[in-house]
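Structure assessment
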Amino acid sequence: MTRSQTSPLRSALAEVLAGQPELGASLDLLWRQAERGFPGASREHWLDACRELTRAGLGSACLIAYLRQSPSCAAQLGPQAAVALGRAAIRVGGLAGPAAAEALLGAAGKAARLLGEAAAFADWLGVIERLAGLAPDVIGVLLDHTETVLGHLGVRGLESWAVSGIRAAGGDAHKRRLFFALIDPAARSWLGRGVDDLHFN
């Protein structure tokens, strides 16, 4: 047998993907990426996150997104950040649905590049989770604009800006969506001021 056929990590990944036939052809690539990105004990933590995503019932798209995003996240910010991403996706999915979880996973690479530090990335994950509890219907829209919002406000301003937008909409879902899609002029205006000039009621 070749090394790939006998690798415990490859075998564990094959078990995770047993119900995902569309990923079978990617097994060897995923295995090599995981070996590079998750050394030592972090490898089992990452596998646990993969298993938890599978059990969470968020669909194969979320698992595929995590398998694709987590190695690059680990390379940029460390394996703990990548494991935290998987678990945050499960919580966001529970609050706002599978599409929001997939959007979080899709935006993670952009956030990691912009923030550049594991602690800031963890703070960002926490903000997205809290906002998913407050306004689950706009999480996907917000995450579509990750680069713009984080680029202007950083994590510190993101939560204040978002919570103020939720309050300003006054329970009107359409107004809320316009705000987070950056169509509402107030949303763009507040972004333009930057984090130091945010003074919301």
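Description of the structure in this document.

About the thresholds
Residues numbered from 1 in each chain as written. Predicted model: local features only at pLDDT ≥ 70, side-chain atom pairs only at ≥ 80, totals over all residues. Heavy atoms only, no water. Helix = DSSP H or I, 4+ residues; strand = E, 2+ residues; numbered from the N terminus. Buried < 20%, exposed > 50% of the residue type's maximum accessible area, 1.4 Å probe, protein only. Areas by Shrake-Rupley, 256 points an atom, 1.4 Å probe, with all protein chains shown as cover. Contact = heavy atoms within 4.5 Å. Phe/Tyr/Trp six-rings, centres within 6.5 Å; stacked < 30°, edge-to-face > 60°. 1 Å grid on protein atoms, 1.4 Å probe; cavity = no way out; pocket = protein on both sides within 12 Å on 5 of 7 lines; lining within 4 Å. Points joined across faces, edges and corners; volume = space filled by probe spheres on them. Nonpolar A, V, L, I, M, F, W, Y, C, P; charged D, E, K, R; others polar. Arc of directions from axis to C-beta. Core = buried A, V, L, I, M, F, W, Y, C linked by side-chain atoms within 4.5 Å. Expected span 1.5 Å × (residues − 1).

1. A look at the overall build of the chain
Secondary structure assignment for the chain yields twelve helices and zero strands. Reading the chain from its N terminus to its C terminus gives the helix and strand order α-α-α-α-α-α-α-α-α-α-α-α. Here the chain holds 201 residues, and the buried ones make up 48% of them. A total accessible area of about 9500 Å² is found for the chain, and carbon and sulfur atoms account for 51% of it.

2. Points about unusual backbone geometry
Although it is not a glycine, Leu-182 sits at a positive phi angle of roughly 65°. We classify Leu-182 as buried; its relative accessible area is 13%.

3. A short note on the environment of Leu-95
Looking at the element boundaries, Leu-95 is found in helix 6 (residues 79–96). Note: C-alpha distance between Leu-95 and Leu-131 (36 residues apart in sequence) is 9.5 Å. Not counting residues up to four positions away in its chain, the partners in contact with Leu-95 are Glu-129, Ala-132, Gly-133 and Pro-136.

4. Some points on the packing of aromatic side chains
A complete count under the given rule lists six aromatic pairs for this structure. Judged by centre distance (5.6 Å) and plane angle (35°), the ring pair of Phe-121 and Trp-124 falls under tilted. Of the two residues, Phe-121 and Trp-124 are both situated in helix 8 (residues 118–134); the distance of three residues between them amounts to about one turn of the helix. Taken together, Trp-161, Phe-179, Phe-180 and Trp-190 form an aromatic cluster joined through their ring pairs.

5. Thoughts on empty space enclosed by the protein
Within this structure, the stated rule accounts for two cavities of 30 Å³ or more. Lining the largest cavity, in full, are Trp-124, Ile-128, Leu-142, Leu-143, Thr-146, Val-149, Leu-150 and Leu-158. Those elements that provide at least two residues to the lining of the largest cavity are helix 8, helix 9 (139–144) and helix 10 (146–169). The biggest single contributor to the lining of the largest cavity is helix 10, with four residues. Along its surface, the second largest cavity is lined by Leu-131, Ala-135, Val-138, Ile-139, Leu-142, Ile-166 and Phe-180. Among the residues making up the lining of the second largest cavity, the classes are represented as seven nonpolar, no polar and no charged.

6. Quick look at helix 11 (residues 173–180)
Listed in full, the buried residues belonging to helix 11 are Arg-176, Phe-179 and Phe-180. When helix 11 is viewed along its axis, its buried side chains cluster within an angular range of 90° and face the same direction. Leu-182 sits one or two residues past helix 11 and shows a positive phi near 65°.

7. Some remarks on the nonpolar core
Core analysis: the biggest nonpolar cluster contains 66 residues, and Leu-104, Phe-121, Trp-124 and Trp-161 have the highest contact counts within it. Among the elements that take part in this core, helix 7 (residues 98–115) stands out by supplying ten residues, more than any other.

8. Details of helix 8
Counted at 1.5 Å a residue, the expected span for helix 8 with its 17 residues is 24 Å, and the 25 Å between its end C-alpha atoms agrees. Those residues of helix 8 that fall on the buried side of the exposure criterion are Ala-120, Phe-121, Trp-124, Leu-125, Gly-126, Val-127, Ile-128, Glu-129, Leu-131 and Ala-132.

Remember, this is a structural readout, not a statement about activity or role.
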